[in-house]
Amino acid sequence: MTAPRTLYDKIWDSHLVDIDGDGNGLIYIDLHLVHEVTSPQAFAGLKAAGRKVRRPDRTVAVPDHNVPTTPDRLTGKFLDEEARIQVETLDRNAREYGVHYYPMNDINQGIVHIVGPEQGYTQPGMTIVCGDSHTSTHGAFGSLAFGIGTSEVEHVLATQTLPQRKAKNMKINIDGELGPGVTAKDIILAIIGRIGTAGGTGYVMEYTGSAIRGLSMEGRMTVCNMSIEAGARAGLIAPDEKTFAYVQGKPHAPKGAAWEQALAWWKTLPTDDGAHYDTVVELKASEIAPHITWGTSPQDVAPITGVVPNPADIKEEPKRIALERALNYMGLKAGEKLEEVAIQRVFIGSCTNGRIEDLRAAAKVAKGRKVAAGVQAMVVPGSGLVKHQAEEEGLDKIFLEAGFEWREPGCSMCLAMNSDRLLPEERCASTSNRNFEGRQGARGRTHLMSPAMAVAAAVTGKLADVRKFS
Amino acid sequence: MDKFTTLTAVAAPLPMINVDTDMIIPKQFLKTVERTGLAKGLFFELRQTPDGTPVPEFFMNQPQYKGAQILVAGDNFGCGSSREHAPWALLDYGIRCVIATSFADIFYNNCFQNGILPIKLPQEDVDKLMDDAKRGQNARVTVDLQNQEIKGPDGGTIKFEIDTHKKHCLLNGLDNIGLTLEKKSKIDNFESRQHGTQPWLYAQAGR
């Protein structure tokens, strides 16, 4: 009888091509997602060496990072010449190497981490990589999914494998019921606040407990998406009936007898009783409030009812200096109430919160309200299919009537590679994943939060507690 | 990829924690299809104010750090994005070695793909090297990968740990893809096994 194994152990074991005595492994990659920003040098390297893509059938490409989100993109026009070259390079490489491809104005185009699950490419038990750190999103299906650099993209294109050492196992258990207005985004912000942005370094984190089980697939993707913000290699959630129901019937999901065979295997994946985790972290769902970030690192979080922290309270010098720098950058004063802080911009979208459920939650708060004077707010659906679904449900009308802009799908102002960006010192309520200095535009100020909280901020003109909107 | 054996160079100080990939190279420099020429974006928003005025205390604006090839930084260096543009920018500027108490996982791996040696050391050793680095041109530091040691300007020696396989590849400038392709038959065997147990992963042709 074999020793009890975690979900991560099982995926690792079933994908090991080779391993030496020092633990240097080579793992097989089941799905390779590709976008325009981190792939051109990889394809160029492949070509220079005269190599081919080993599994074009397991490679999926879509432009997302720097596509425009304005309506005029339907004419194929780019304002930005360098962006156009990158997107056209992906077009060319995708066609030349015969990989699955969704071009910019295809209804199925969108953010790569939204397209993968939506098209049924993402399935339990897989190994999934992409030249993008938010690949951890796909861990919501019980697949081992992580971001890689461009050299590794080239390695996977050429060999369908990746040299890896096994990470350690961490369990993050959250039991109980979430309070009103508390979402998956608040769970992951609370986790990062607890363990810090390096808390997960060297680990694969598995999220367990009744609060996680209670989340929809969309919510689980939000949680796993930000695993990288806690420094983890990947985040995982065991597949269950919700997972199977989500995957079934998607265009690239297994069908018929293959479905039954896949399902039987997927059901063996959850962690065995008694399996060993190197670290265990416990949070109580009932104690998680709606969270926002106040600083320039995703670990700089507080409940919306909180205040800006005081550097004088920090003993360790490097941390105190970092805090002073963050407050200076963010234009905030120690002790200031977060609910008093005025905002000028709102961004709803990204691979963290650009799925249909996120737009529904946002629309629920936006309905019958108006974006505050002096605030510019935009909604960027995560994919063409999300946009279409939202329009079928009339969500676009709710947003437009409330004064939000309704855009074409892409990464947009999550990283501001296209023209969607903050001006210096503009303050943004954002549903994205990073609040780094300059992330949403040079000198721009980002506060991360859930979609419902972002709408609450939009209509109030200040950071606001969504629990006061019912 | 260039080999990394022994490096004697000026070490530059970057006494900050959580230096993220957006700080190392902001997104406006990612719209390239090349690996080179990225030094122009290195620490773009740290080394100058929004109007383009150089920040005098930043190492890139100080003459004593001209030609620096070693960077000494705080906890969790390289956190954030998977962009390999971060090590490409460091390399393009001339940095071949980064020393910190800890690194983010993806950045750490990306360094080895580009002949850059990231070294993790305990806080007291990093503090010592940070002091050395703050002395600028007078403080040349030697990093010896073969013997896994760093020699400071005052003759003190600091040992460091590194994964044996990564060390071997850096010392010899080995191409990872070439090494993996030597295992082609193992990959072929894996695929035939997986085709048998998980045939749905082999069923579909390209879209």
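Refer to the structure above for everything that follows.
These notes cover the structure that comes with them. Please read all numbers here as calculations on a predicted model, not as lab measurements.

So, how was this worked out
- Residues numbered from 1 in each chain as written.
- Chains lettered and ligands numbered in written order.
- Predicted model: local features only at pLDDT ≥ 70, side-chain atom pairs only at ≥ 80, totals over all residues.
- Heavy atoms only, no water.
- Helix = DSSP H or I, 4+ residues; strand = E, 2+ residues; numbered from the N terminus.
- Rg over C-alpha atoms; globule rule 2.2 N^0.38 Å.
- Buried < 20%, exposed > 50% of the residue type's maximum accessible area, 1.4 Å probe, protein only.
- Contact = heavy atoms within 4.5 Å.
- Areas by Shrake-Rupley, 256 points an atom, 1.4 Å probe, with all protein chains shown as cover.
- Lys, Arg positive; Asp, Glu negative; His and termini not counted.
- Charge placed at Lys NZ, Arg CZ, Asp CG, Glu CD.
- 1 Å grid on protein atoms, 1.4 Å probe; cavity = no way out; pocket = protein on both sides within 12 Å on 5 of 7 lines; lining within 4 Å.
- Points joined across faces, edges and corners; volume = space filled by probe spheres on them.
- Nonpolar A, V, L, I, M, F, W, Y, C, P; charged D, E, K, R; others polar.
- Pairing = 2+ DSSP bridges.
- Axes fitted to C-alpha atoms, helices over the stretch in contact; angles between N-to-C directions.
- Buried area = accessible area lost by both parts, 1.4 Å probe.
- Salt bridge = Lys/Arg side-chain N within 4 Å of Asp/Glu carboxyl O.
- Polar contact = N/O pair within 3.5 Å; in protein donor to acceptor, adjacent residues only side chain to side chain.
- Core = buried A, V, L, I, M, F, W, Y, C linked by side-chain atoms within 4.5 Å.
- Parallel < 35°, antiparallel > 145°, perpendicular 65-115°, else oblique.
- Left-handed = near helix turned anticlockwise from the far one by under 90°.
- Phe/Tyr/Trp six-rings, centres within 6.5 Å; stacked < 30°, edge-to-face > 60°.

### Some words on the overall build of chain A
Working step 1: The helix and strand inventory of chain A stands at 16 helices and 19 strands.
Working step 2: For chain A, the C-alpha radius of gyration of 21 Å lies close to 23 Å, the compact-globule estimate for 470 residues.
Working step 3: In chain A, which comprises 470 residues, the proportion classed as buried is 66%.
Working step 4: Summarising the internal contacts of chain A: among those between residues at least 6 apart in sequence, 76% fall at separations of at least 24.
Working step 5: Accessible surface computed for chain A: about 15600 Å², of which carbon and sulfur atoms make up 51%.
Working step 6: Of the charged side chains in chain A, 52 are positive and 57 negative, and the gap between their average positions amounts to 1 Å.

### Brief notes about empty space enclosed by the protein
Working step 1: Across all of its chains, the model carries four cavities of 30 Å³ or more by this definition.
Working step 2: What lines the largest cavity is a set of 23 residues, and nearest its centre among them are His65(A), Asp132(A), His134(A), Leu415(A) and Arg439(A).
Working step 3: Taken together, the residues of the lining of the largest cavity sort by class into seven nonpolar, 12 polar and four charged.
Working step 4: Forming the walls of the second largest cavity are 14 residues, and the residues nearest its centre are Ile228(A), Gly231(A), Cys79(B), Gly80(B) and Ala104(B).
Working step 5: Classifying every residue of the lining of the second largest cavity by side-chain character gives seven nonpolar, five polar and two charged.

### Examining the sheet that holds strand β11 (residues 234-236) of chain A
The strands that make up a sheet are held in pairs by hydrogen bonds between backbone atoms, and each pair lies either parallel or antiparallel.
All names here are of chain A.
Working step 1: The four strands lie next to each other as β11-β10-β9-β12, forming an open sheet whose pairing is parallel. Either end of the sheet is taken by a strand with one partner, and the two such strands are β11 and β12 (279-284). Strand-to-strand, the axes of this sheet are offset by a mean angle of 20°, without reference to chain direction.
Working step 2: Contacts from helix α1 (residues 7-14) reach β9 (168-175), β10 (203-208) and β11, with the element oriented near 115° to β11.

### Remarks on the interface of chain A and chain B
Working step 1: With 80 residues of chain A at the interface, the matching set in chain B holds 61 residues.
Working step 2: Looking at the side of chain A facing chain B, the largest losses of area belong to Gln41(A), Arg54(A) and Ser151(A), adding up to 10% of the total buried there.
Working step 3: Our count for the contact surface shared by chain A and chain B stands at 10 salt bridges.
Working step 4: Asp163(B) is paired through a salt bridge with Arg165(A); the nearest N and O atoms lie 2.7 Å apart.
Working step 5: Taken together, chain A and chain B are joined by 30 residue pairs in polar contact (both at pLDDT 80 or more).
Working step 6: A total of seven residues in the side of chain A that touches chain B trace back to one element, the largest contributor, which is helix α5 (residues 150-159) of chain A.
Working step 7: For the side of chain A that touches chain B, the residue count by class is 31 nonpolar, 27 polar and 22 charged.

### Remarks on the pattern of salt bridges
Working step 1: Applying the stated criterion across every chain yields a total of 37 salt bridges over all chains.
Working step 2: Asp465(A) is the partner of Arg467(A) in a salt bridge, and the nearest nitrogen-oxygen pair spans 2.9 Å.
Working step 3: Look at the salt bridges and you will find they share partners, linking Arg54(A), Lys184(B), Asp188(B) and Glu191(B) into a network.

### Describing the sheet that holds strand β7 (residues 144-147) of chain A
Residues and elements named next belong to chain A.
Working step 1: Ordered in space as β5-β4-β3-β6-β7, the five strands form an open sheet in which the pairing is parallel. Either end of the sheet is taken by a strand with one partner, and the two such strands are β5 (100-101) and β7.
Working step 2: Strand direction decides the pairing type here: strand β3 (residues 31-34) and strand β4 (residues 59-61), joined by three bridges, are parallel. Bridging from a neighbouring strand, His 32 pairs with Thr 59 of β4.

### A look at helix α13 (residues 356-366) of chain A
Working step 1: All buried positions along α13(A) are accounted for by Ile356(A), Asp358(A), Leu359(A), Ala362(A), Ala363(A), Val365(A) and Ala366(A).
Working step 2: Looking one or two residues past α13(A), Gly368(A) carries a phi angle of roughly 75°, positive in sign.

### Looking at the environment of Leu332(A)
Residues and elements named next belong to chain A.
Working step 1: Among the secondary structure elements, Leu 332 is positioned in the loop between α11 (317-330) and β15 (345-348).
Working step 2: Residue classification places Leu 332 among the buried residues on the basis of a relative accessible area of 7%.
Working step 3: Once you skip the residues sitting within four places of it in the chain, Leu 332 turns out to touch Trp 294, Val 308, Leu 327, Val 341, Arg 427 and His 447.

### What about the pairing of strand β19 (residues 445-448) of chain A?
Residue and element names in this part refer to chain A.
Working step 1: What you see with β19 is no split at all: Arg 445 and His 447 on one side and Thr 446 and Leu 448 on the other are buried throughout.
Working step 2: In this structure, strand β18 (residues 427-430) lies alongside β19, joined through four bridges in parallel fashion. Paired with Cys 428 across the two strands is Thr 446, which belongs to β19.

### So, the nonpolar core
Working step 1: Counting residues in hydrophobic clusters, the biggest one holds 114 residues, and the most contacted among them are Phe404(A), Phe43(B), Phe77(B) and Leu90(B).
Working step 2: By residue number, the principal contributor to this core is helix α16 (residues 451-460) of chain A, which donates eight residues.
Working step 3: Once residues within four sequence positions are removed from consideration, Phe77(B) is found in contact with Leu14(B), Val19(B), Ile24(B), Phe43(B), Leu71(B), Leu90(B), Val98(B), Ala100(B), Ser102(B), Phe103(B), Ala104(B) and Phe107(B).
Working step 4: The next biggest cluster of nonpolar side chains, apart from the first, holds 96 residues, and it includes Ile128(A), Cys224(A), Leu263(A) and Leu269(A).

### Observations regarding the environment of Thr157(B)
Residue and element names in this part refer to chain B.
Working step 1: For Thr 157, the location among the structural elements is in strand β7 (residues 157-159).
Working step 2: What makes Thr 157 partly exposed here is its relative accessible area of 41%.
Working step 3: Along the backbone, Thr 157 and Val 143 are 14 residues apart, and their C-alpha atoms lie at a distance of 9.9 Å.
Working step 4: With residues near it in sequence (within four places) discarded, Thr 157 still touches Glu 149, Ile 150 and Lys 151.

### Some remarks on the packing of helix α2 (residues 40-48) of chain A against α5(A)
Residue and element names in this part refer to chain A.
Working step 1: Relative orientation of the contacting elements α2 and α5 amounts to 50°, with a least axis distance of 8 Å. It follows from the interaxial angle that α2 and α5 lie oblique. Where α2 crosses over α5, the two elements pack in a sense that is right-handed. Contacts from Gln 41, Ala 42, Phe 43, Gly 45 and Leu 46 in α2 reach Thr 150, Val 153, Glu 154, Leu 157 and Ala 158 in α5.
Working step 2: Looking at the contact of α2 with α5 residue by residue, the class counts come to six nonpolar, three polar and one charged.

### Topic: the packing of aromatic side chains
All names here are of chain B.
Working step 1: In the structure shown here, the tally under the stated rule is 19 aromatic pairs over all chains.
Working step 2: With a centroid separation of 5.2 Å and an interplanar angle of 75°, the aromatic rings of Tyr 108 and Phe 112 are classed as edge-to-face. Placement of both Tyr 108 and Phe 112 in helix α4 (residues 105-112) is noted, with a separation of four residues, approximately one turn of the helix.
Working step 3: On the accessibility criterion, Tyr 108 (13% relative accessible area) is buried.
Working step 4: The structure contains a cluster of three or more aromatic residues connected by ring pairs, namely Phe 77, Phe 103, Phe 107, Tyr 108 and Phe 112.

Function-wise, these values are silent; they only describe arrangement.
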